[in-house]
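Notes for the structure review
This is what each chain is made of:
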Amino acid sequence: MKMKNRTLILDCTKKIGENVTIYGYIQTRRDHGKILFLDVLDRSGLIQVVVSKGAHLRGVGQTESKSHLGGEISPQDVVTISGKVNKRPPNLVNKNIPTGEIEIAAEKIEVLSKAEELPFDMGGKDLDLQLPTLLDYRSLTLRHPKVKQIFKVQATILEGFRKISKELGCVEVVVPEIAVSSTEGGAEVFKVDYFDHKAFLTQSPQLYKQMLVPVFERVFTIAHAYRAEPSVTTRHLAVATQLDCEFGFVDFEELLDLLEKAGTETLKFAEAESKDVFKEWNLETIAFGSSRGAGEAGKIPRLTLREAQELILKEFKRDNTKEKDLTPQDEIDLCTWAKNVHKSDFVTITHFPTQAKPFYTMPDPKNSEYSLSYDLLFRGVEVMSGSQRINDYFQLVDSIKSRGMDPKNFEMYLQAFKYGMPPEGGFSFGLERMTMHVFKLANIREAALFPRDMERVDIRLNK
RNA sequence: GGGACCGUAGUGAACCGGUCAUCACGUCUCCCUGUCACGGAGAAGAUAGCGGGUUCGAUUCCCGUCGGUCCCGCCA
């Protein structure tokens, strides 16, 4: 079969009166007896195909004449259809689709791949399934137009991040995801058998992107982060995708500007590229903060952890002022406050306790109890975190020791510092979390193509 | 790791201590040349997750078990 003669469905709008051949998937069929309507979908869009059953349909496989009448065509069948593109009569135009002014009068229909009976109805505007069903049939449910749109937007987030990172002078790097005998601390790690040696999957690209700062000064990487935390929540995955930047020769204030710029520019790009999806899903536009003055760009409110906790006490009457981190409810309330007061879906929180942050985090020189660290909250959840890093070799070794870890296990990493490391820092966005909150999804698993959690790796795991 | 709640046709939901467990979508048969989530008529499809208990009688109440969802903790 030759597909050179293929016309993309959306391009049919420019081929009125011409004969075309389209390739795609059956979305719905509406059988009116002597006339049959098929909605056919390809990567460009959807078109209505009209099959007049009284008419003679030519084509191969005359013995399967029934299928040529559309009798055996059912949803998700992969088909090729040839026919003439006709302008619809004015009273039959469908204003809801880009191809609503045309339709194809089928002359030949061929089923290239027959789909089994579907386990649920895919033809509706929404896919109304419980989460386990949605994931048990993931390779099928991803085809649904509205599910697909989640990942089309996710792709624009990736593209937006790459774009702004390059604009900020970062070089894209790819870093290893298997490491040996040392961890950053914090989350549990997945152990792997590496040629009879113990190894683990990296919790983040953190250490490698830092090692590349003296090489390129500014780098970015898109990498998987593997976390073996035995936690089951709506916002955690065992494998998440991180969008990381790391910058040499920056101080804390510059880093704050950079992280806010990277976050807002990424999402501004994604939003601009996804206008159709925002409309289809009826998504709220993202609030990037009110301007503080003429000519000044949008501003995201910045608070230290302690200031944020004071605000929670004052505005929401909950005393968490002694806690070392924000609670999930605190994050929700702070974003509500930022939205109301600053017209921002974002809040930057800085100066978390040094002890609560990883060893590479720079303590605040003014008060080492707190660190030069920050989280970016977006719509009630942390979507990014980062910090100014310790760049002095001896201070870094002391920090590793102070957390009960052995500097010998960080030999390659420390080498980068031993031979000269500029003042540096960076940050890391969670791709699935950003996607989740752009769409306001209830569970992060819906924002991952093939989510991994404690109970599932594609299929449900046996206990 | 702690807690709360939920398991009913393929899917999503409803109801109920008492004769035949209800509805929508999907499926099958038939009707329909203009629908676009088409419409109309009919049919099939469920030992109510599993095990035990209370009761004259349990899908319904209780206990256990398995599975799931959510919240907290941990974590990003």
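Moving on to the domain arrangement of chain A. Domain annotation of chain A identifies domain 1 (9-113) and domain 2 (134-460). When each unit is reduced to the centre of its C-alpha atoms, the spacing between domain 1 and domain 2 is 47 Å.

Time to look at the sheet that holds strand S2 (residues 35-42). Within a sheet, each strand pairs with its neighbour through backbone hydrogen bonds, oriented either parallel or antiparallel. In space, the five strands of this closed barrel follow the order S1-S2-S3-S5-S4, with mixed pairing throughout. On average, each strand axis in the sheet is inclined to that of its neighbour by 55 degrees, with strand direction left out of account. As paired strands, strand S4 (residues 78-87) and strand S5 (residues 102-113) are joined by 10 bridges and run antiparallel to one another. Within the sheet, the bridge partner assigned to Val 85 lies in S5 and is Ile 104.

Now for the packing of aromatic side chains. One pass over the structure, following the stated rule, counts 16 aromatic pairs. Ring geometry for Phe 346 versus Phe 378: centroids 4.9 Å apart, planes at 25 degrees, classification stacked. You can see Phe 346 sitting in strand S13 (residues 346-350) and its partner Phe 378 sitting in strand S16 (residues 373-378), a full 32 residues away along the chain. Classification of Phe 346 by relative accessible area gives buried; the value is 1%. Taken together, the ring pairs in this structure connect Phe 161, Phe 220, Phe 247, Phe 427 and Phe 429 into an aromatic cluster. Its guanidinium or amino end placed over the ring of Phe 288, Lys 268 lies 5.1 Å from that ring's centre, counting from NZ or CZ. Positioned over the ring face of Phe 352 is Lys 357, at 4.7 Å from the centre of the ring.

A separate point is unusual backbone geometry. For Gln 76, which is not glycine, the phi torsion reads 75 degrees and is therefore positive. On the secondary structure map, Gln 76 appears in the loop between helix H1 (65-68) and S4. In this structure, Lys 343 takes a positive phi of about 50 degrees despite not being glycine. Its location among the elements puts Lys 343 in the loop between helix H10 (328-342) and S13.

Another point: the protein's contact with RNA strand B. The local shell around RNA strand B holds 41 residues, among which Asp 121, Gln 130, His 236, Leu 237 and Glu 382 are the closest. What you see for RNA strand B is that sugar and phosphate hold 60% of its atoms within 4 Å of the protein. Take Arg 88: an N or O atom from its side chain is 2.7 Å from a base nitrogen of RNA strand B. Among the secondary structure elements, those contributing two or more residues to the surface near RNA strand B are strand S1 (19-31), S2 and helix H2 (131-136).

Further remarks concern the nonpolar core. One finds Phe 247, Leu 267, Phe 359, Tyr 413, Phe 427, Phe 429 and Val 438 to be the most contacted residues of the largest nonpolar core, which totals 72 residues. For this core, the element with the most residues is helix H7 (residues 252-273), which contributes eight residues. Setting aside residues no more than four positions away along its own chain, Tyr 413 makes contact with Leu 207, Gln 210, Met 211, Phe 359, Tyr 360 and Leu 396.

The next subject is the environment of Ile 150. By the secondary structure assignment, Ile 150 is in helix H4 (residues 145-167). A relative accessible area of 3% means that Ile 150 is categorised as buried. Separated by 70 residues in the primary sequence, Ile 150 and Phe 220 place their C-alpha atoms 24 Å from one another. Setting aside residues up to four positions removed in sequence, Ile 150 forms contacts with Trp 281, Thr 435, Phe 439, Leu 441, Glu 446 and Ala 447.

Looking now at the pairing of S4. Where S1 meets S4, seven bridges bridge the pair, whose relative direction is antiparallel. The partner of Gly 24 across the bridge, within S4, is Val 79.

Here the focus is the packing of H4 against H7. Where H4 meets H7, the axes come as close as 8 Å, and the angle between the chain directions of the two elements is 135 degrees. Taken together, the axes of H4 and H7 are oblique relative to one another. Two packed elements cross with a definite hand, and for H4 against H7 that hand is right-handed. Across from Thr 156, Ile 157, Glu 159, Gly 160, Phe 161, Lys 163 and Ile 164 in H4, the residues of H7 making contact are Lys 261, Ala 262, Glu 265, Thr 266, Leu 267, Phe 269, Ala 270 and Glu 273. Tallied by class, the residues present in the contact of H4 with H7 amount to seven nonpolar, three polar and five charged.

Following the criterion strictly, the structure yields 29 salt bridges and no others. For the salt bridge of Asp 11 with Lys 14, the shortest nitrogen-to-oxygen distance reads 3.5 Å. In this structure, Asp 330 and Arg 318 form a salt bridge, with 2.7 Å as the shortest nitrogen-oxygen distance. With Asp 330 in helix H10 and Arg 318 in the loop between helix H9 (305-316) and H10, this residue pair connects regions lying 12 residues apart in the sequence. Look at Asp 330 and you get buried, because its relative accessible area is 0%. A relative accessible area of 24% means that Arg 318 is categorised as partly exposed.

To continue, consider helix H11 (residues 393-402). A turn of α-helix holds 3.6 residues, and therefore any two residues three or four places apart point the same way. Regarding H11, the residues found buried are Tyr 393, Leu 396, Val 397, Ser 399 and Ile 400. End-on, the buried residues of H11 take up no more than an arc of 160 degrees, which puts them together on one face. Of the exposed residues in H11, the ones pointing more than 90 degrees away from its buried face are Phe 394, Lys 401 and Ser 402. Buried positions along H11 lie against helix H12 (411-418). For H11, the capping residue at the N-terminal end is Asp 392, with a side-chain oxygen 3.1 Å from the backbone nitrogen of Phe 394. Gly 404 sits one or two positions beyond H11 and adopts a positive phi of about 75 degrees.

Strand order in the open sheet formed by three strands is S19-S20-S21, and the pairing between neighbours is antiparallel. In this open sheet, the two strands that pair with only one neighbour each are strand S19 (452-453) and strand S21 (459-460).

What counts, and where the lines are drawn
- Every chain is numbered independently, its residues counted from 1 as its sequence is written.
- Starting at A for chains and at 1 for ligands, labels are handed out in the order in which the entities are written.
- Where totals are concerned, whole chains, interfaces and linings use all residues; where local detail is concerned, this predicted model gives features only for residues with pLDDT of at least 70, and gives and counts side-chain atom pairs only at 80 or more.
- Neither water nor hydrogens contribute to the side-chain values; these are computed over all heavy atoms in the structure.
- Throughout, the edges of the domains are those of an automatic or database domain assignment.
- Strands are treated as partners if at least two bridges between them are detected by DSSP.
- Strands here are runs of E lasting at least two residues and helices are runs of H or I lasting at least four, both read from the DSSP assignment and numbered beginning at the N terminus.
- In this analysis an axis means a line fitted to C-alpha atoms, helices contributing only their contacting stretch, and an angle means the value between N-to-C directions, from 0 to 180 degrees.
- Working definition: rings of Phe, Tyr and Trp (its six-membered ring) pair if their centres are within 6.5 Å, and the pair is stacked with planes under 30 degrees apart, edge-to-face with planes over 60 apart, and tilted otherwise.
- Exposure categories follow from relative accessible area, calculated using a 1.4 Å probe and restricted to protein chains: below 20% of the type maximum is buried, above 50% is exposed, and the middle band is partly exposed.
- As a reminder, the over-ring test applies to NZ of lysine and CZ of arginine, requiring each to be within 6 Å of the ring centre and within 35 degrees of the ring normal.
- If a single non-hydrogen atom of a residue is within 4 Å of a molecule or strand, that residue counts as near it.
- Throughout this description, a polar contact denotes any pair of N or O atoms lying within 3.5 Å of each other; where both atoms belong to protein, one of them has to be capable of donating a hydrogen while the other can accept it, and for residues adjacent in sequence the pair is counted only when both atoms sit in side chains.
- For our purposes a nonpolar core is just a set of buried Ala, Val, Leu, Ile, Met, Phe, Trp, Tyr and Cys residues, chained together by side-chain atoms within 4.5 Å.
- Two residues form a contact once any of their heavy atoms are found within 4.5 Å.
- We call two directions roughly parallel when the angle between them is under 35 degrees, roughly antiparallel when it is over 145, roughly perpendicular when it lies between 65 and 115, and oblique otherwise.
- Crossing chirality is assigned from the near helix's rotation relative to the far helix, an anticlockwise turn below a right angle marking it left-handed and a clockwise turn marking it right-handed.
- Note on residue classes: Ala, Val, Leu, Ile, Met, Phe, Trp, Tyr, Cys and Pro are nonpolar, Asp, Glu, Lys and Arg are charged, and everything else, Gly too, is polar.
- What counts as a salt bridge is simple: a side-chain nitrogen of Lys or Arg found within 4 Å of a carboxyl oxygen of Asp or Glu.
- Each C-beta atom gives one direction from the helix axis, and the arc is the one those directions make.

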